[in-house]
Number of protein chains: 2
Amino acid sequence: MISVEEQLKSMKQQMIAKGYKSTVQREATMRVLLEHERDHMSAEDVYMRVKERFPEIGLATVYRTLELLTELHLVEKMNFGDGVSRFDLRSKDREHMHHHMICSICGEVEEIQDDWLIELEQRVKREYGFNVSDHRLDFIGTFSSCKHGECRKHCETAS
Amino acid sequence: MISVEEQLKSMKQQMIAKGYKSTVQREATMRVLLEHERDHMSAEDVYMRVKERFPEIGLATVYRTLELLTELHLVEKMNFGDGVSRFDLRSKDREHMHHHMICSICGEVEEIQDDWLIELEQRVKREYGFNVSDHRLDFIGTFSSCKHGECRKHCETAS
DNA sequence: TTATTAAATTATAATCATTCTAATTAAACG
DNA sequence: CGTTTAATTAGAATGATTATAATTTAATAA
C-alpha cells in the first residue's frame with residue numbers, strides 16, 4: 001500500500017519525464033482518481049468531483065487530462081456500452097489485472113481482482129501469432145438473487 | 001450452413017412472433033448483416049450498405065432496426081473503444097462464442113471462433129455468485145510483425 | 001528573480017454518434 | 001378493402017467528446 005501522496009508524486013514524475021507539465025488542474029484530477037480508485041467514473045463524474053475543490057476547472061481540461069493519463073498508462077479507459085467512457089486508476093499493484101462483472105439489471109459494475117487470462121494470452125500467441133499487450137474481460141449477468149454488495153441497492157430500486 | 005434466405009426467414013419469424021412487423025427496410029438491413037456476418041460494421045457502415053440498394057432509407061431506421069435486432073439477440077452490439085458501436089449477426093452456430101483480437105496499430109479486428117470462457121464462467125458463479133448470461137473478451141496487441149491477414153494492409157499504410 | 005518560450009487552460013463553438021418528434025406511410029388482420 | 005397500430009421519414013435535438021483562439025502558467029535559463 002503506497003500513500004496517496006507518494007502515488008501522486010510518482011505520477012507527476014512520469015508526466016514530467018515524458019515532457020508534460022505538472023499543473024494544479026492535473027494534480028487535482030489525479031487526486032480525485034486516487035480517491036476513487038475503482039469507481040469506474042465517467043469524465044463527467046470526474047469533472048464534478050474535481051470541480052468541488054477546484055471550481056474554475058473546465059470540462060475540456062478534465063477530458064485532456066484523462067486522455068493524457070490514459071496515454072501514459074496511468075489510467076484505464078473503459079467502455080461498458082452505455083455511451084460514456086469510464087476511467088480508473090491503474091496503480092502498480094493491479095496493472096490491468098482485473099475483470100468486470102456487469103449487472104444487466106442495474107448496470108452496477110464489480111471487479112474481479114485477479115488475472116485469469118495468462119494462459120489464454122499464451123494460447124493467442126501460439127495459435128494466432130498475436131502478441132497481447134492488454135485485454136478486456138467483462139461478464140454480463142446478475143448476482144444470485146441480486147443481493148450481492150453494491151448491486152443490491154440499485155437493483156431493488158431499479159425494477 | 002444455412003442459406004441466407006432461410007436465415008432471413010427465421011429472423012423475420014422471430015420478429016413477428018414478438019409482435020414486431022416485418023418491413024422492407026428491416027429486411028434490407030438484415031440482408032446486409034447476413035452478407036457481412038463478421039465485419040464489425042458501425043451503424044453508419046450498415047446504413048451506407050443498405051442505402052446502395054434501398055436509397056430512401058433513413059439513418060434513424062437503421063439505428064432502430066439494429067436496436068431491435070440486438071433486443072431480439074439476433075445481432076450483437078459491440079464496442080471497441082473508438083466511439084462507435086459495432087454490430088454483427090449472431091447466427092445459431094456461433095452464439096456469442098467468439099472473442100476479438102484488436103490490432104493496436106491499425107485497429108483491425110479479428111475473431112477467435114471459439115468459446116474459451118466456459119470454465120471461467122463457472123468460476124465466476126462459484127466464487128462471486130454471479131450468473132453469467134454473456135461475456136466480452138478482447139485482446140489488444142499486434143500480430144507478429146503485423147503480417148497476419150487483413151491486418152497487414154492497414155498497418156503498412158498506418159505508420 | 002525575472003524573461004522567455006512553449007505548453008496548458010479557459011470558454012465556447014463545433015463535431016460526431018445517436019435519439020427524439022411530428023407528420024406520413026405501410027403492415028397486419030379481420 | 002378498411003381499420004388500426006406500428007414503422008418510416010426528415011429533420012431537429014441531445015449528449016459526449018473534441019477543436020479553436022485567446023489568455024495564462026510552468027519550466028528553464030539568463
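In this text, all values refer to a predicted model and were calculated from it rather than measured experimentally.

Visitor: I'd like a rundown of the packing of helix α2 (residues 24-35) of chain B against helix α4 (residues 59-71) of chain B, residues and numbers included.
Guide: All names here are of chain B. Here α2 crosses α4 at 70 degrees, and the two axes come no closer than 10 Å. Between α2 and α4, the crossing angle belongs to the class labelled roughly perpendicular. The two elements α2 and α4 cross, and the hand of that crossing is right-handed. Residues Gln25, Arg26, Thr29, Met30 and Leu33 of α2 form the contact with α4, whose own contacting residues are Thr61, Val62, Thr65, Leu66, Leu68 and Leu69. When its residues are assigned to classes, the contact of α2 with α4 shows 6 nonpolar, 4 polar and 1 charged.

Visitor: Lay out the relation of the copies chain A and chain B with the relevant residues and their values.
Guide: Overlaying chain A with chain B gives an RMSD of 0.1 Å, the required rotation being 180 degrees about an axis along which the chain moves by 0.0 Å. Interpreted geometrically, this transformation is the action of a two-fold axis. Relative to the rotation axis, the closest C-alpha in chain A is found at Leu137 of chain A, a distance of 2.3 Å.

Visitor: Tell me what's going on with the interface of chain A and chain B, and back it up with residues and numbers.
Guide: Across the contact, 36 residues belong to chain A and 36 residues belong to chain B. Taken together, both faces of the contact between chain A and chain B bury some 3,100 Å²; the carbon and sulfur share is 59%. Joining chain A to chain B, the criterion identifies 2 salt bridges. Where Arg136 of chain B meets Asp138 of chain A, a salt bridge forms, and the shortest distance between an N and an O atom there is 2.8 Å. Across the contact surface, chain A and chain B share 8 residue pairs in polar contact (both at pLDDT 80 or more). Elements that contribute at least two residues to the side of chain A that touches chain B include exactly β4 (99-103), β5 (109-112), α5 (118-128) and β6 (130-143) of chain A. It is β6 of chain A that contributes the most residues to the side of chain A that touches chain B, 14 residues altogether. Looking at chain direction, β6 of chain A and strand β6 (residues 130-143) of chain B are connected through 13 bridges and run antiparallel. Counterpart to Phe143 of chain A in the pairing with β6 of chain B is Phe130 of chain B.

What counts as what
Residues numbered from 1 in each chain as written. Chains lettered and ligands numbered in written order. Predicted model: local features only at pLDDT ≥ 70, side-chain atom pairs only at ≥ 80, totals over all residues. Heavy atoms only, no water. Axes fitted to C-alpha atoms, helices over the stretch in contact; angles between N-to-C directions. Helix = DSSP H or I, 4+ residues; strand = E, 2+ residues; numbered from the N terminus. Parallel < 35°, antiparallel > 145°, perpendicular 65-115°, else oblique. Left-handed = near helix turned anticlockwise from the far one by under 90°. Contact = heavy atoms within 4.5 Å. Nonpolar A, V, L, I, M, F, W, Y, C, P; charged D, E, K, R; others polar. Least-squares fit on C-alpha atoms with pLDDT ≥ 70 in both. Buried area = accessible area lost by both parts, 1.4 Å probe. Salt bridge = Lys/Arg side-chain N within 4 Å of Asp/Glu carboxyl O. Polar contact = N/O pair within 3.5 Å; in protein donor to acceptor, adjacent residues only side chain to side chain. Pairing = 2+ DSSP bridges.

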